[in-house]
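Chains, contacts and geometry: an overview
So the chains spell out like this:
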2 protein chains.
Amino acid sequence: MYSKELVKGTLKTIILKLLSDSDKMYGYEITQKVKELTGGKIQLTEGALYPTLHAMEAQGILTTDVVNVGNRIRKYYTVTSAGKKIARDKVSEFSDFMDTMIFLLDLKPKMG
Amino acid sequence: MYSKELVKGTLKTIILKLLSDSDKMYGYEITQKVKELTGGKIQLTEGALYPTLHAMEAQGILTTDVVNVGNRIRKYYTVTSAGKKIARDKVSEFSDFMDTMIFLLDLKPKMG
DNA sequence: CGTATATACCTAAGAAACTTATGTATATAA
DNA sequence: TTATATACATAAGTTTCTTAGGTATATACG
């Protein structure tokens with residue numbers, strides 16, 4: 001687990017990237033996917049995730065589709081085309097930021 | 001200039017790295033150095049910088065040395081040995097975090 | 001001589017983006 | 001029956017910044 005400050009500011013970028021790469025995901029699924037992909041190093045909290053999803057829906061970045069699974073509710077989120085552009089921009093900006101930080105902190109990045 | 005959220009959480013790491021690589025620097029000098037090294041992409045604000053420097057001094061991470069240059073004051077900051085360990089840890093954690101983000105966002109990092 | 005810009009320090013109010021805590025409810029394994 | 005997992009949600013509090021303001025000297029421009 002990374003210190004809290006570090007992960008701050010990356011939440012929207014992470015959500016939009018994951019949603020852009022699949023047609024739909026629900027909130028809890030996003031938390032589990034991030035946990036799995038990062039080996040538990042990044043664990044999104046629900047208190048941060050849900051309000052962010054609601055805000056992005058209100059902004060027209062995401063649309064929702066509520067489904068009943070058994071007796072439980074699932075709220076699937078899909079990125080709109082406007083959202084996909086924002087996703088690309090955010091990932092691109094983050095990539096640029098990392099290059100800048102790598103230079104500033106004099107780091108050697110690993111190969112992709 | 002990057003969006004505000006992105007740079008959040010990296011201030012201490014940047015300050016400690018720069019101070020670790022030189023015996024001493026003063027506040028204004030740090031802002032100018034970061035601006036220069038990042039081509040203006042990261043510009044530290046004084047409202048964030050000074051309180052952070054003061055806090056790190058209070059925590060024994062930095063020590064100060066006030067010097068008169070002409071009729072102006074300069075407050076030089078030096079990293080303590082305890083601070084150097086924190087600096088290494090912070091840079092290392094950030095490096096690890098970037099590797100995680102590169103994988104999560106499916107990015108191709110540039111060579112160092 | 002006045003004004004703008006650069007240098008150099010500082011604090012405080014407010015905003016942003018979280019964390020922590022709490023709540024609801026179903027399903028399943030021990 | 002108790003804990004853990006699934007699945008949603010909100011709200012109070014905290015951290016960390018931005019924005020705005022304040023003080024003061026030095027220098028360049030017209």
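Everything discussed here concerns the structure shown above.
The structure displayed is predicted, hence computed values, not measured ones. (Residues numbered from 1 in each chain as written. Chains lettered and ligands numbered in written order. Predicted model: local features only at pLDDT ≥ 70, side-chain atom pairs only at ≥ 80, totals over all residues. Heavy atoms only, no water.)

Moving on, we come to the packing of helix H5 (residues 81–104) of chain A against helix H5 (residues 81–104) of chain B. Running from N to C, H5(A) and H5(B) point in directions that differ by 150°, and their axes come no closer than 11 Å. Here H5(A) lies roughly antiparallel to H5(B), going by the angle between them. Handedness of the H5(A)/H5(B) crossing: left-handed. Here H5(A) contributes Phe94(A), Phe97(A), Met98(A), Met101(A) and Ile102(A) to the contact with H5(B), which in turn contributes Phe94(B), Phe97(B), Met98(B), Met101(B) and Ile102(B). Tallied by class, residues from the contact of H5(A) with H5(B) come to 10 nonpolar, no polar and no charged. (Axes fitted to C-alpha atoms, helices over the stretch in contact; angles between N-to-C directions. Helix = DSSP H or I, 4+ residues; strand = E, 2+ residues; numbered from the N terminus. Parallel < 35°, antiparallel > 145°, perpendicular 65-115°, else oblique. Left-handed = near helix turned anticlockwise from the far one by under 90°. Contact = heavy atoms within 4.5 Å. Nonpolar A, V, L, I, M, F, W, Y, C, P; charged D, E, K, R; others polar.)

This part is about the protein's contact with DNA strand D. Neighbouring residues of DNA strand D: 23 residues in total, closest Tyr26(A), Tyr28(A), Arg74(A), Thr45(B) and Arg72(B). Sugar and phosphate atoms represent 68% of those atoms of DNA strand D found within 4 Å of the protein. Contacts to DNA strand D include Thr45(B), whose side-chain N or O atom sits 2.7 Å from a phosphate oxygen. Listed by contribution, the elements that provide at least two residues to the surface near DNA strand D are helix H3 (27–37), helix H4 (46–58) and strand S3 (72–79) of chain A together with helix H4 (46–58) of chain B. It is H4(A) that contributes the most residues to the surface near DNA strand D, five residues altogether. Along the lines of polarity and charge, the residues of the surface near DNA strand D split into seven nonpolar, seven polar and nine charged. (Near = heavy atom within 4 Å. Polar contact = N/O pair within 3.5 Å; in protein donor to acceptor, adjacent residues only side chain to side chain.)

Moving on, we come to the interface of chain B and chain A. With 37 residues of chain B in contact, the opposing surface of chain A contributes 37 residues. Interface area for chain B against chain A, summed over the two sides, is near 3,700 Å², with a carbon-plus-sulfur share of 72%. Inspection of the region where chain B meets chain A yields two salt bridges. Taking the shortest distance from any N to any O, the salt bridge between Lys41(A) and Asp96(B) comes out at 3.1 Å. (Buried area = accessible area lost by both parts, 1.4 Å probe. Salt bridge = Lys/Arg side-chain N within 4 Å of Asp/Glu carboxyl O.)

Below, the discussion takes up the relation of the copies chain B and chain A. For these two chains of identical sequence, chain B goes onto chain A by a turn of 180° and a shift of 0.0 Å along the axis, with RMSD 0.1 Å. The transformation relating the two chain copies, once decomposed into turn and shift, fits a two-fold axis. Of all interface residues in chain B, 100% are interface residues in chain A too; the two copies therefore contact each other through one and the same surface. (Least-squares fit on C-alpha atoms with pLDDT ≥ 70 in both.)

All right, on to the protein's contact with DNA strand C then. Close to DNA strand C lie 24 residues, the nearest being Gly9(A), Thr45(A), Arg72(A), Tyr28(B) and Arg74(B). In DNA strand C, the atoms that sit within 4 Å of the protein are 70% sugar and phosphate, with bases accounting for the remainder. Within the residue set of the surface near DNA strand C, elements represented by two or more residues are H4 of chain A together with helix H3 (27–37), H4 and strand S3 (72–79) of chain B. The leading source of residues in the surface near DNA strand C is H4(B), at five residues. Among the residues making up the surface near DNA strand C, the classes are represented as seven nonpolar, eight polar and nine charged.

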